[in-house]
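Structural description and commentary
Residue-level listing of the chains:
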Amino acid sequence: MSTKDVLLVGLGAVGTIYAYILQRSKLARVTTVARSNYDVVNAKGINIRSKKYGTHESWKPYRLVSSVAEAADRPYSYVILTTKAIPEVIKTSRVLEPLLSSPYSERHPQPTYVLLQNGLGVEQDLYHSVKALDQGEPKIISTVVWIGTNLVEKNMVEHTDFDRITIGMYRHGDRLTTTNSPVEDAILTDLGTMLKTGGSEVTIATEIQRKKFAKTFWNIAFSSFSTLIGSSPTAMFRPPPKEGQSYSPYVAPQTAPNIIPVLRAILQEMITLGRALGYPDDEDDLPFSLIDNTILRTAELHRDPAHTALPSMLLDAQNGLPIEVEVILGEVVRMAKEMEVDVPRIETLYTLLAIIQNQTLGGLRQPRL
């Protein structure tokens, strides 16, 4: 298998680990776009502390650049986007504009785009922009990523012992085709081989949208609640401290009986919408058991007083940064309207989080110190 040029945009925590994985495979020459942390990474490299891949001081990718425009000097087999999808702030087509316009689009063929982003509908804007170039059907891989990693300083990343990724081809307007064509299979196998060789756990999906829809369950229930209450899910599940113990947050006894029924009702709306979209009650699609599995696994994890991790949406809100409200809750509400499915609880969460987003974008919410 020949070595390919890969462009990765966004050198945050997720971007750093996947840039490292790809470079570790020796199957990719990785050009990485670092934006806010370019100066420090260019001068000192990135320090990686990983329980899986070890400690690496002053690590750098094959090539480091400060903008997509600077990177647009050669063709790429894959362009991987690891930035958060917040279309009300900046659309994907704007982030990747130098690759989607002249002179690049006239000199080089369009690459396969790979979106390592949360949320639903994140592919649509990019699809239409590539389609408008009249170079054939756009090749876009969408993903579901499970990874434990944080950017603790601008050039220091901590990573736990796992990273799992499911990859699948985006088919515009088609949620029901569940087989990969030979061309799609070749593309996915090629990228999957790079990632596996680099050490990641990879699953190739025959239909990616239902996998992304299922992952959205957790964010719909727990990212939204945590952001609105200003605390991690421990505030919903951790019992009060016993005599001699001291910790917070914990759930008030009078509140505890109501939490799981409310969460179930919210996720039942997701199941109803999923059925309308054509996702069956099947273990490989959208099983009804996903409701209780999502809630009970989270409850078990967050009953532990030692568990202190915060959802990224809550962290962004606390730091006065935009949140992924449109691609997670907003898109679910829009899909529900299209399918004529009532989702009143999700609409309520969306409305409240949209208020937080508008305050942030208007400069009315200051970072929590």
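Residues numbered from 1 in each chain as written. Predicted model: local features only at pLDDT ≥ 70, side-chain atom pairs only at ≥ 80, totals over all residues. Heavy atoms only, no water.

1. Observations concerning a nonpolar patch on the surface
- On the surface, Leu 228, Ile 229, Leu 352 and Ile 355 cluster together into a nonpolar patch covering about 320 Å² of accessible area.
- Here Leu 352 falls in the partly exposed class, since its relative accessible area comes to 39%. (Patch = residues over 30% accessible without salt bridge, like charges linked within 9 Å, V, L, I, M, F, W, Y side chains within 5 Å. Areas by Shrake-Rupley, 256 points an atom, 1.4 Å probe, with all protein chains shown as cover. Salt bridge = Lys/Arg side-chain N within 4 Å of Asp/Glu carboxyl O. Buried < 20%, exposed > 50% of the residue type's maximum accessible area, 1.4 Å probe, protein only.)

2. Here's the deal with the packing of aromatic side chains
- Counted by the stated rule, this structure contains eight aromatic pairs.
- Ring centres of Tyr 20 and Trp 59 lie 5.7 Å apart, and the angle between their planes is 70°; this geometry places the pair in the edge-to-face category. Of this pair, Tyr 20 sits in helix H1 (residues 13-24) while Trp 59 sits in strand E4 (residues 54-59); the two residues are 39 residues apart in sequence, bridging distant segments of the chain.
- Its relative accessible area of 9% is what places Tyr 20 among the buried residues.
- Given the relative accessible area of 11%, Trp 59 is considered buried.
- It is Lys 215 that lies over the ring of Trp 146; its NZ or CZ is 4.8 Å from the centre. (Phe/Tyr/Trp six-rings, centres within 6.5 Å; stacked < 30°, edge-to-face > 60°. Helix = DSSP H or I, 4+ residues; strand = E, 2+ residues; numbered from the N terminus. Lys NZ or Arg CZ within 6 Å of the ring centre and 35° of its normal.)

3. Things to note about the pairing of strand E2 (residues 28-33)
- Of all six residues in E2, five are buried; the element is thus mostly enclosed.
- Relative to E2, strand E1 (residues 4-9) is paired through six bridges, and the arrangement is parallel. Residue pairing for E2: Lys 4 is matched across the bridge by Ala 28.
- One crossover worth recording links E1 to the parallel E2 by way of H1, and it is right-handed. (Pairing = 2+ DSSP bridges. Right-handed = clockwise from strand over helix to strand, strands pointing away.)

4. Section: the side chain of Ser 232
- Residue placement: Ser 232 occurs in the loop between helix H8 (209-229) and helix H9 (234-237).
- Side-chain polar atoms of Ser 232 contact the side chain of Thr 234, separated by 2.5 Å. (Polar contact = N/O pair within 3.5 Å; in protein donor to acceptor, adjacent residues only side chain to side chain.)

5. Here we look at the pairing of strand E8 (residues 140-153)
- The pairing of strand E7 (residues 112-115) with E8 spans three bridges and is classified as parallel. Looking across to E8, one finds that Leu 115 is bridged to Ser 142.
- Pairing analysis gives eleven bridges linking E8 to strand E9 (residues 156-169), with the strands arranged antiparallel. What sits directly across from Thr 149, in E9, is His 159.

6. Section: helix H10 (residues 256-277)
- Between the first and last C-alpha of H10 there are 33 Å, a value that for 22 residues agrees with the 32 Å anticipated at 1.5 Å per step.
- Looking only at H10, the buried set comprises Ile 259, Leu 263, Ile 266, Leu 267, Glu 269, Met 270, Ile 271, Leu 273, Gly 274 and Leu 277.
- Contacts made by the buried residues of H10 are with H8, H9, helix H11 (290-302), helix H13 (325-339) and helix H14 (344-361).
- Phi turns positive, to about 100°, at Gly 278, one or two residues after H10. (Expected span 1.5 Å × (residues − 1). Contact = heavy atoms within 4.5 Å.)

7. Side note on the packing of H13 against H14
- As a packed pair, H13 and H14 sit with axes 10 Å apart at the nearest point and diverge in direction by 140°. By the angle class used here, H13 and H14 are oblique. Between H13 and H14 lies a crossing whose hand is left-handed. The residues of H14 that touch H13, namely those facing Val 325, Glu 326, Leu 329, Gly 330, Val 332, Val 333, Arg 334 and Lys 337, are Ile 346, Glu 347, Leu 349, Tyr 350, Leu 353, Ala 354 and Gln 357. (Axes fitted to C-alpha atoms, helices over the stretch in contact; angles between N-to-C directions. Parallel < 35°, antiparallel > 145°, perpendicular 65-115°, else oblique. Left-handed = near helix turned anticlockwise from the far one by under 90°.)

8. Focus on H13
- Relative to the 21 Å expected for 15 residues at 1.5 Å per residue, H13 spans 20 Å between its end C-alpha atoms, a close match to the ideal helical length.
- Along H13, the largest kink reaches about 30° and is centred on Glu 331.
- Counting buried positions along H13 yields eleven of 15 residues, so the element is predominantly enclosed.
- Listed in full, the buried residues belonging to H13 are Val 325, Glu 326, Val 327, Ile 328, Leu 329, Gly 330, Glu 331, Val 332, Val 333, Met 335 and Ala 336.
- For H13, the elements touching its buried residues are helix H6 (124-131), H8, H10, helix H12 (312-318) and H14.
- Glu 340 lies just past H13 and shows a positive phi near 60°. (Bend = angle between axes of the 7 residues up to and from the residue.)

Function cannot be read off these values alone, since they describe shape.
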